[in-house]
Amino acid sequence: MKNPISIGLAAATCLSMVAALFMVFVYVPTEAEQGIVQRIFYFHLPCAWVAFLGFGIVALAGGLYLWLGHKVWDDLSYAAAELGMLFCTLVLVTGSIWAKPIWGVWWTWDSRLTTTFILWLLYGSYLLLRAFADDTDGIARFAAVLGIVGVLDIPIIIISVRLWRTIHPAVLLTRQGEHGLQDLRMVATLLVSLAAFTIMFVWLLWMRVATLRLRTRIVRLRRTLALRELAEAHR
Amino acid sequence: MLEGFGPILRKDLRLEVRTGESTVVLVSISVLILVVMVLAFGPAGARRAEVAAGALWTALIFAGTMGATRALLSERESGCLRGLLLSPVEPATIYAAKLSVAMIFMAQAGIAVLVVLVLFFNLDFGGALLRLLPVFLLGIVGLAALCTLLATVSGRVRAGAMLLPVMVVPLFAPALIAGSKASAAVLAGQPLGAVITWLKLLGAFDVLFVTAGYLLFEHVIFED
């Protein structure tokens, strides 16, 4: 892990996270209507963003794996799914913490909540598949297909659930084209927080892929060793 | 392009006609799911159409995953898959054939469910049922496309057959919403025009997943 890129990413994550925390807790003004709980939004939205990013990487890396057949793409796709699951869970948790004082309930079947929950289930089934399977080429291909199909499904999930019901606040753009964030300082905080989460995501992804690569190497070495022992025993 | 489609389909159907295994299991499972739903929610009441639609789709999802598993597992069990893959038949053609088989199984289960539904919920056999047909057909195309693609996992992973619904249900969620909403509206006596948005959504889902399955099937169907 003592690799300049990894160290650089770690440093960038620490710096940007500290900056984001400072802005969220000290710099940004408290929202007039919702009060202090609105500050969780500066973590909530970046989590949602990286969860979606993770989903995109799962599909993209899955496609590259099917196309090029190199194990590194499979590792990338697996790592992105794990991180995506983590951040998708955080989205649901932070959302619930916010919803309780504002909407009066922990959970409601609003369109974006439902969409996120279905995405969470998709990640869950992907990870269950990987957990149940042996680490073979076959399952990597299957997982790639599942990842691609999952991402293809997202637009239809969004449309169907939106038609089903919605009460989620329009944060970035309302139907009239207005901002949900009135103060410029709020926009700045959101942007810094988004950057911090993105860098952190890349760093975690980098480390996780490195670990998976090591695991693949160990499996291969073990197999070679076993074969060699077998050959010697026969001699 | 679809050379080999006919023989595979004929073989699976002949196998089914001779043993009748899948039909018996799927029809009984879906009717039982319906019974469970009726016992749990009660047949009468103001939300009759919604409960009926929900029962129909719940039964279909589980019948669908089981039907698709059967259609693919029969190949794996007796080692037919190797022969099929060695033959000069495109994997996409195998997909198309298996998709058709799965659809026929699902349609059988679905028709049984519909008949029982009419009896249990005191619906009339006329127009509402006829209007339900397009919703039902669009629904099973998408479900069969998804299940056939993903059913290749069973037999390859521990508890693969149990894992299939876990993968299918979240993916099928949008079509499930569209299908059950449209069915509820139609069963409540509304015309097809009122549910056209849902039908379009189901159509889009079908096109997307049949295409995806057709293109991706070659990556998941092989002997380990």
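Shown above is the structure to which this text applies.
To start, this report covers the structure provided alongside it. The structure presented is a predicted model; accordingly, all values stated were derived computationally and were not measured. In this numbering scheme, every chain counts its residues from 1 along its sequence in written order. Chain A is the first chain written and ligand 1 is the first ligand written, with later ones labelled in order. In view of the model being predicted, local features appear only for residues whose pLDDT reaches at least 70, and side-chain atom pairs are presented and counted only at 80 or more, with totals across whole chains, interfaces and linings using the full set of residues. Hydrogens are left out, water is left out, and the side-chain values use all remaining heavy atoms of the structure.

### Concerning the overall build of chain B
Each helix is a run of DSSP H or I of at least 4 residues and each strand a run of E of at least 2, with the numbering of both proceeding from the N terminus. Looking only at helices and strands, chain B has eight helices and zero strands in total. For chain B, the N- to C-terminal ordering of α and β elements is α-α-α-α-α-α-α-α. When its C-alpha atoms are laid out on the principal axes, chain B stretches across 55 × 30 × 30 Å. Only protein chains enter the area calculation, which uses a 1.4 Å probe; residues under 20% of their type maximum are buried, those over 50% are exposed, and those in between are partly exposed. Among the 224 residues that make up chain B, the fraction classed as buried is 54%. Pairs at least 24 apart in sequence give 84% of the contacts found in chain B among residues at least 6 apart. We call two residues in contact whenever any of their non-hydrogen atoms come within 4.5 Å of each other.

### With respect to the nonpolar core
Residues Leu129 of chain A together with Leu117, Leu146, Leu150 and Phe172 of chain B are the most contacted members of the largest nonpolar core, which totals 123 residues. Tallying contributions element by element places helix H7 (residues 160–187) of chain B first for this core, with 14 residues. Dropping the residues within four chain positions of it, Leu129 of chain A is found in contact with Ile139, Phe142, Ala143 and Leu146 of chain A together with Val153, Val157, Leu163 and Met167 of chain B. For the purposes of this section, nonpolar cores are sets of buried Ala, Val, Leu, Ile, Met, Phe, Trp, Tyr and Cys residues that join through side-chain atoms within 4.5 Å.

### Some points on the packing of helix H5 (residues 91–121) of chain B against helix H6 (residues 127–150) of chain B
Residues and elements named next belong to chain B. For helices, the fitted line uses only the C-alpha atoms of the stretch in contact; every axis is such a line through C-alpha atoms, and the angle between N-to-C directions lies from 0 to 180 degrees. Relative orientation of the contacting elements H5 and H6 amounts to 140°, with a least axis distance of 8 Å. It follows that H5 is oblique to H6 by the angle criterion. Both H5 and H6 take part in a crossing whose hand is right-handed. Across from Tyr95, Lys98, Leu99, Ala102, Met103, Met106, Ala107, Gly110, Ile111, Leu114 and Val118 in H5, the residues of H6 making contact are Leu129, Leu132, Phe136, Ile140, Val141, Leu143, Ala144, Ala145, Cys147, Thr148 and Leu149. Taken together, the residues that form the contact of H5 with H6 break down as 19 nonpolar, two polar and one charged. Should an angle fall under 35 degrees it is taken as roughly parallel, and over 145 as roughly antiparallel, whereas 65 to 115 is taken as roughly perpendicular and any remaining angle as oblique. The crossing is said to be left-handed when, going from far helix to near helix, the turn is anticlockwise and less than a right angle, and right-handed when the turn is clockwise. Residues were grouped as follows: Ala, Val, Leu, Ile, Met, Phe, Trp, Tyr, Cys and Pro as nonpolar; Asp, Glu, Lys and Arg as charged; and all remaining residues, including Gly, as polar.

### Overview of the pattern of salt bridges
All names here are of chain A. A pairing counts as a salt bridge when a side-chain nitrogen of Lys or Arg comes within 4 Å of a carboxyl oxygen of Asp or Glu. Scanning the entire structure with this criterion turns up six salt bridges over all chains. Arg208 serves as the salt-bridge partner of Glu82, at 2.4 Å between the closest nitrogen and oxygen. In this pair, Glu82 sits in helix H3 (residues 71–103) while Arg208 sits in helix H6 (residues 184–234), placing the two residues 126 residues apart along the sequence. The exposure class of Glu82 is partly exposed, given its relative accessible area of 23%. On the basis of relative accessible area, Arg208 is assigned to the partly exposed category, the value being 25%.

### Details of the environment of Ile140 of chain B
Residues and elements named next belong to chain B. Relative to the helices and strands, Ile140 is located in helix H6. By relative accessible area, Ile140 is classed as buried at 1%. For the pair Ile140 and Val113, spaced 27 residues apart in sequence, the C-alpha to C-alpha distance is 13 Å. Here Ile140 is in contact with Leu60, Met103, Met106 and Ala107, once residues within four sequence places are set aside.

### Re the layout of surface pockets
Here a cavity means grid points, on a 1 Å grid over the protein atoms only, where a 1.4 Å probe fits yet cannot get out; a pocket means an open set of points with protein on both sides within 12 Å along at least five of seven lines; lining residues are those with an atom within 4 Å of a point. Grid points are joined across faces, edges and corners, and a volume is the space filled by probe spheres set on the points. Size it by volume and the second largest pocket reaches roughly 940 Å³. Secondary structure elements with two or more residues in the lining of the second largest pocket: helix H4 (111–132) of chain A together with helix H2 (21–41), helix H3 (48–77) and H7 of chain B. A breakdown of the residues in the lining of the second largest pocket according to their chemical character gives 23 nonpolar, four polar and three charged.

### Concerning the interface of chain B and chain A
Listed by partner, the interface residues are 33 residues for chain B and 28 residues for chain A. Here the quantity called buried area is the accessible surface, traced with a 1.4 Å probe, that two parts lose on coming together, added over both. Both sides together, the interface formed by chain B and chain A hides about 2,600 Å², and carbon and sulfur atoms give 83% of it. At the surface where chain B touches chain A, the tally comes to zero salt bridges. N or O atoms within 3.5 Å of each other form a polar contact, as long as, within protein, one can give a hydrogen and the other can take it, and as long as residues adjacent in sequence are counted only when both atoms are side-chain atoms. Taken together, the links from chain B to chain A amount to one residue pair in polar contact (both at pLDDT 80 or more). Of all the secondary-structure elements, those providing two or more residues to the side of chain B that touches chain A are H6, H7 and helix H8 (196–220) of chain B. For the side of chain B that touches chain A, the element with the highest residue contribution is H8 of chain B, accounting for twelve residues. Per-class residue counts for the side of chain B that touches chain A are 25 nonpolar, three polar and five charged.

### Considerations on H3 of chain A
Between its terminal C-alpha atoms H3 of chain A stretches 46 Å, which fits the 48 Å expected from 33 residues at 1.5 Å a residue. Gly104 of chain A, located one to two residues past H3 of chain A, shows a positive phi value of around 90°. Under the convention used throughout, the expected extent of a helix is 1.5 Å for every residue step, that is, one less than its residue count.

### Quick word on H7 of chain B
Here the bend at a residue means the angle between the axes of two seven-residue stretches, the one that ends at it and the one that starts at it. Of all the bends in H7 of chain B, the largest measures some 55° and sits at Ala173 of chain B, one to four residues before the proline Pro174 of chain B. Extensive coverage of H7 of chain B is indicated by the burial of 21 of its 28 residues.

### So, the packing of aromatic side chains
The pairing test for Phe, Tyr and Trp rings, Trp by its six-membered ring, is centres within 6.5 Å, and the orientation test on the planes gives stacked under 30 degrees, edge-to-face over 60, and tilted for anything in between. Scanning all chains against the criterion turns up 14 aromatic pairs over all chains. When the centroid spacing of 5.8 Å and the interplanar angle of 65° are considered together, the rings of Trp107 of chain A and Phe117 of chain A count as edge-to-face. Within this pair, whereas Trp107 of chain A is found in the loop between H3 and H4, its partner Phe117 of chain A is found in helix H4, the two being separated by ten residues in sequence. Measuring from centroid to centroid gives 4.5 Å for Phe205 of chain B and Phe209 of chain B, while their planes differ by 45°, and the two rings are tilted. Note that Phe205 of chain B and Phe209 of chain B are positioned in helix H8 at a spacing of four residues, about one turn of the helix. Neither residue differs from the other here; Phe205 of chain B and Phe209 of chain B are each classed as buried. Following the ring pairs from residue to residue traces out a cluster consisting of Phe43, Phe87, Phe197 and Phe201 of chain A.

Limitation: the analysis is restricted to geometry and does not speak to function.
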